[in-house]
Amino acid sequence: MPELLTFVEGMVLGLRAVATSLLMLVGVIYVFGITFTQLLGDTEAGKGCFETVLTSMHFLFLTALCSIDKSFIIKMLDAGWLYWLLWLSFLLIANLTIMRMLTGVILNQTNAVNAKWKDQSKKLAMEKQLGETLSQLDADNNGIVTESEFTLLFQNPSLLNQLSNLDVDLETFSDAMLEDWPAGDASISYIVDKVFTYRGSNTATFRDVIDSRRAQQRMHAKQTRVLEGILLGAQTVTR
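Residues numbered from 1 in each chain as written. Predicted model: local features only at pLDDT ≥ 70, side-chain atom pairs only at ≥ 80, totals over all residues. Heavy atoms only, no water.

The name recorded for the chain in an unreviewed UniProt entry is EF-hand domain-containing protein, from Prorocentrum cordatum.

And the structure:
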């Protein structure tokens, strides 16, 4: 069932690109339909294929959808080199370019949806794992992770292995979580979202760059305050 939903959602997301590709295909078919009708409409080679513009467009549309007919290529060659070149041009543009591009768009959207479904299943598994671990560490049994409980989570080998499988930089994730720990403690879903934010396979966005810069500024300000405190203490001792 998930596979069917993935395929259907991928097709729905790709409808816009599919509509654009089909519009391009109709335009190409229309232009070549007029050309072949003008050149071959009254010849033996165009009989049954290019007698009218609508007949030509219908034949060209079927050609774009179906496999390439080698015998018809030879037929165009027998009619003349010009017709052969025009027919090959149509095949390259309509059959080998637009239709393949259409297939690629649908596959790309389906792969993106499939990756999203996989991430969701991994999030559910991670939430379950955290819930089981938290149930053993949660002293007040409120289902909320405190800062001290969070540090104890990293002593669970099974959880660490799962985080490693998700390509999470454990040290960076731990430091970032403790640096920006929520004021009212953190829920399991919040921690899971942060886990998937710090995956090494994620693509960096402009927002990620800004967030990283802000985190560095906060860390720099914190270090500055610590150094100022040390210097102030040293000055007090020397006096």
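After that view of the structure, there is still more to cover.
This brings us to the overall build of the chain. Counting its regular elements, the chain contains ten helices and zero strands. Counting over 239 residues, the chain shows a buried share of 29%. Entry remark: accessible area of the chain is about 15500 Å², with carbon and sulfur atoms responsible for 61%. (Helix = DSSP H or I, 4+ residues; strand = E, 2+ residues; numbered from the N terminus. Buried < 20%, exposed > 50% of the residue type's maximum accessible area, 1.4 Å probe, protein only. Areas by Shrake-Rupley, 256 points an atom, 1.4 Å probe, with all protein chains shown as cover.)

Turning to the packing of helix α2 (residues 15–40) against helix α3 (residues 53–65), a few remarks are in order. Contact pair α2 / α3: the axes reach a minimum separation of 8 Å and the direction vectors enclose 130 degrees. Put simply, α2 runs oblique to α3. Two packed elements cross with a definite hand, and for α2 against α3 that hand is right-handed. Between α2 and α3, the contacting residues are L25, I29, Y30, F32, G33, I34, F36 and T37 on the first element and V53, S56, M57, L60, F61 and A64 on the second. Here the contact of α2 with α3 is built from residues that sort into eleven nonpolar, three polar and no charged. (Axes fitted to C-alpha atoms, helices over the stretch in contact; angles between N-to-C directions. Parallel < 35°, antiparallel > 145°, perpendicular 65-115°, else oblique. Left-handed = near helix turned anticlockwise from the far one by under 90°. Contact = heavy atoms within 4.5 Å. Nonpolar A, V, L, I, M, F, W, Y, C, P; charged D, E, K, R; others polar.)

Within soluble globular proteins, side chains that are nonpolar tend to cluster in buried spots. Core analysis: the biggest nonpolar cluster contains 25 residues, and L25, F36, F50, L60, M76, W87 and F90 have the highest contact counts within it. Listed by contribution, the elements that provide at least two residues to this core are α2, α3, α4 (70–79) and α5 (81–137). The dominant element in this core, judged by the number of residues it contributes, is α5, at nine residues. (Core = buried A, V, L, I, M, F, W, Y, C linked by side-chain atoms within 4.5 Å.)

Turning next to a nonpolar patch on the surface. A cluster of nonpolar side chains, Y30, V31, I34 and V53, forms an exposed patch at the surface whose accessible area comes to about 320 Å². Top contributing element to the nonpolar patch by residue count: α2, with three residues. Looking at the secondary structure, you find V53 in helix α3. Taking relative accessible area as the criterion, V53 reaches 31% and is therefore assigned partly exposed. (Patch = residues over 30% accessible without salt bridge, like charges linked within 9 Å, V, L, I, M, F, W, Y side chains within 5 Å. Salt bridge = Lys/Arg side-chain N within 4 Å of Asp/Glu carboxyl O.)

The tally for this structure, following the rule as stated, stands at twelve aromatic pairs. Judged by centre distance (5.6 Å) and plane angle (90 degrees), the rings of F50 and F59 are edge-to-face. Aromatic pair F59 and W87: ring centres 5.8 Å apart, planes at 25 degrees, arrangement stacked. Pair noted here: F59 is in helix α3 and W87 is in helix α5, with a separation of 28 residues, a long-range link. (Phe/Tyr/Trp six-rings, centres within 6.5 Å; stacked < 30°, edge-to-face > 60°.)

Mapping S56 onto the fold places it in helix α3. Judged by its relative accessible area of 0%, S56 falls in the buried class. A distance of 2.7 Å separates a polar atom in the side chain of S56 from a polar atom in the side chain of T37. (Polar contact = N/O pair within 3.5 Å; in protein donor to acceptor, adjacent residues only side chain to side chain.)

Residues annotated in UniProt with the feature "transmembrane region" (unreviewed entry) correspond here to residues 20–41, 53–74 and 80–98. Here residues 20–41 runs as 95% helix and 0% strand, with 30 Å between its end C-alpha atoms. The span residues 80–98 is 95% helix and 0% strand, and its two end C-alpha atoms sit 26 Å from each other. (UniProt positions renumbered as here; feature names shortened; annotations may be inferred.)

Okay, the confidence of the model for the chain next. With 81% of its residues at a pLDDT of 70 or more, the chain shows a mean pLDDT of 77. Mean pLDDT per element in the chain: helix α1 (residues 2–13) is the minimum at 64, and α3 is the maximum at 89. (pLDDT = per-residue confidence, 0-100.)

A few words now on a negative patch on the surface. On the surface, a cluster of negative charge is made up of D167, D169, E171 and D175. Counting through the fold element by element, D175 comes out in helix α8 (residues 170–179). (Lys, Arg positive; Asp, Glu negative; His and termini not counted. Charge placed at Lys NZ, Arg CZ, Asp CG, Glu CD.)

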